[in-house]
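Coordinate inspection notes
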Amino acid sequence: MTKSIYDQLNAYGTVAKQRVVENFSGWQLDNDRWQLTQIVSTCTASMADSNDGGLLLSTDSGSGSPSAFLSFNDKCQYNPSGFGFISTCKKGSDNNIGIKAGIGSDDGAANPANAVFMVEGTLATYRTLQTRNGGSETETATTTAVSQTEFGYKLEGTGNAANLYLDGVLSATTGSNLSTTKCQPLLYIQSRSTAAVKTWNCKYMECYNT
């Protein structure tokens, strides 16, 4: 009997966990999977018209810090006590932008009640691990300063800790304000200056339960 790829790569009887992989390729965003929720003003999520651009998140040039979340429309299938979230990030031309990416319980506000995020931009001087539980928040800074350089990162929940890896190196860890509420993938953008369009690109996103 021919076994599936999963059965060939895993021990007999191992139950497959929830997992999603998004390459952000093609001519348009998969709107059956992703929903853009406006928080302030108007933002857009589209495919970048550039080599290896992937997803392009953009704010408008309005005042009041335009912001939005790209999410699974509050379909929360991931366990913050045992998960992995792998992605890439590249900001536009300056640091006057706030970025959060990872998993969270809801997409209706800039600060979900429960979340594990990588924070980049003027929301932090250094790339930062943010954990939220019931509205309480802990931010654990790395020693890597924010920049416009593309980088890869991984968020990990182990049950007693949340970890942030930057380009494969463990850079921040915390055991404080760890969420126990099921979450969804979230990508957040916020302009930190008025009358200016702000952007960031994401070429890959993978999220899974462990």
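Scroll up for the structure.
What comes next concerns the included structure. (Residues numbered from 1 in each chain as written. Predicted model: local features only at pLDDT ≥ 70, side-chain atom pairs only at ≥ 80, totals over all residues. Heavy atoms only, no water.)

**Remarks on the packing of aromatic side chains**
The cut-off we apply is this: Pairing of aromatic rings covers Phe, Tyr and the six-membered ring of Trp, with a centre-to-centre limit of 6.5 Å; geometry is then stacked below 30 degrees between planes, edge-to-face above 60, and tilted otherwise. Strands here are runs of E lasting at least two residues and helices are runs of H or I lasting at least four, both read from the DSSP assignment and numbered beginning at the N terminus. The classification of residues rests on relative accessible area computed with a 1.4 Å probe and restricted to protein chains. Under 20% of the type maximum is buried, over 50% is exposed, and intermediate values are partly exposed.
One pass over the full model with this rule turns up six aromatic pairs. Summarising the aromatic geometry, the rings of F69 and F117 are spaced 6.3 Å apart at their centres and angled 25° between planes, so their arrangement reads as stacked. Pair noted here: F69 is in strand β5 (residues 67-71) and F117 is in strand β8 (residues 115-121), with a separation of 48 residues, a long-range link. For the residue pair F69 and F117, the accessibility class agrees, reading buried in each case. These aromatic residues form a ring-pair network of at least three members: F24, W34 and F72.

**Brief notes about the pattern of salt bridges**
Side chains carrying opposite charge are able to pair once their charged atoms draw close together. Put simply, the rule is: Whenever a carboxyl oxygen of Asp or Glu lies within 4 Å of a side-chain nitrogen of Lys or Arg, that contact is scored as a salt bridge.
According to the stated counting rule, one finds eight salt bridges in the structure shown. K203 serves as the salt-bridge partner of E150, at 3.4 Å between the closest nitrogen and oxygen. Of the two residues, E150 is situated in the loop between β10 (136-145) and β11 (151-157) and K203 in the loop between β15 (199-202) and β16 (205-209); the sequence distance between them amounts to 53 residues. Residue K203 is classed as partly exposed on the basis of its relative accessible area, which comes to 28%. Put simply, K91, E120 and R127 are held in one network by salt bridges that share partners.

**Notes on the nonpolar core**
Soluble globular proteins tend to bury their nonpolar side chains together. Short version of the rule: Side-chain atoms within 4.5 Å are what join buried Ala, Val, Leu, Ile, Met, Phe, Trp, Tyr and Cys residues into a set we call a nonpolar core.
Grouped together as the largest cluster of nonpolar side chains are 38 residues, with contacts concentrated most on F24, L55, F85, Y153, L187 and W200. Counting residues per element, this core draws most heavily on strand β7 (residues 97-104), at four residues.

**Remarks on the side chain of N163**
Operational definition: Whenever a nitrogen or oxygen atom comes within 3.5 Å of another N or O atom, the pair is scored as a polar contact, on the condition that within protein one atom can donate a hydrogen and the other can accept it, and that pairs from neighbouring residues in sequence are kept only if both atoms are in side chains. Contacts are assigned to residue pairs that have any heavy atoms within 4.5 Å of one another.
Inspection of the secondary structure puts N163 in strand β12 (residues 162-166). The exposure class assigned to N163 is buried, which follows from its relative accessible area of 9%. Separated by 2.8 Å, the side chains of N163 and E156 make a polar contact. In terms of polar contacts, N163 uses its side chain to reach the side chain of T173, at 2.5 Å. N163 has contacts with L129, K154, L155, E156, T158, L170, A172 and T173, leaving out every residue within four places of it along the chain.

**Structural notes on unusual backbone geometry**
Its identity as a non-glycine residue notwithstanding, F24 has a phi of 50°, on the positive side. Structurally, F24 is set in the loop between β1 (19-22) and β2 (35-40). Backbone geometry places D167, a non-glycine residue, at a positive phi of 50°. Along the chain, D167 turns up in the loop between β12 and β13 (169-174).

**Section: the sheet that holds β8**
Note the threshold: Pairing between two strands requires that DSSP report at least two bridges joining them. Axes, fitted as lines to C-alpha atoms, cover a helix only where it is in contact. Angles between the N-to-C directions of the axes lie from 0 to 180 degrees.
Judged by pairing direction, the sheet is antiparallel, and its seven strands sit side by side in the order β2-β5-β14-β7-β8-β9-β10 without closing on themselves. Sheet topology places β2 and β10 at the edges, where each strand pairs with a single neighbour. Each strand of the sheet is rotated relative to its neighbour by a mean of 20°, with strand direction disregarded. With five bridges connecting them, β2 and β5 associate as antiparallel partners. Directly across from L36, in β5, lies its bridge partner L70.

The values are spatial; any link to function lies outside them.
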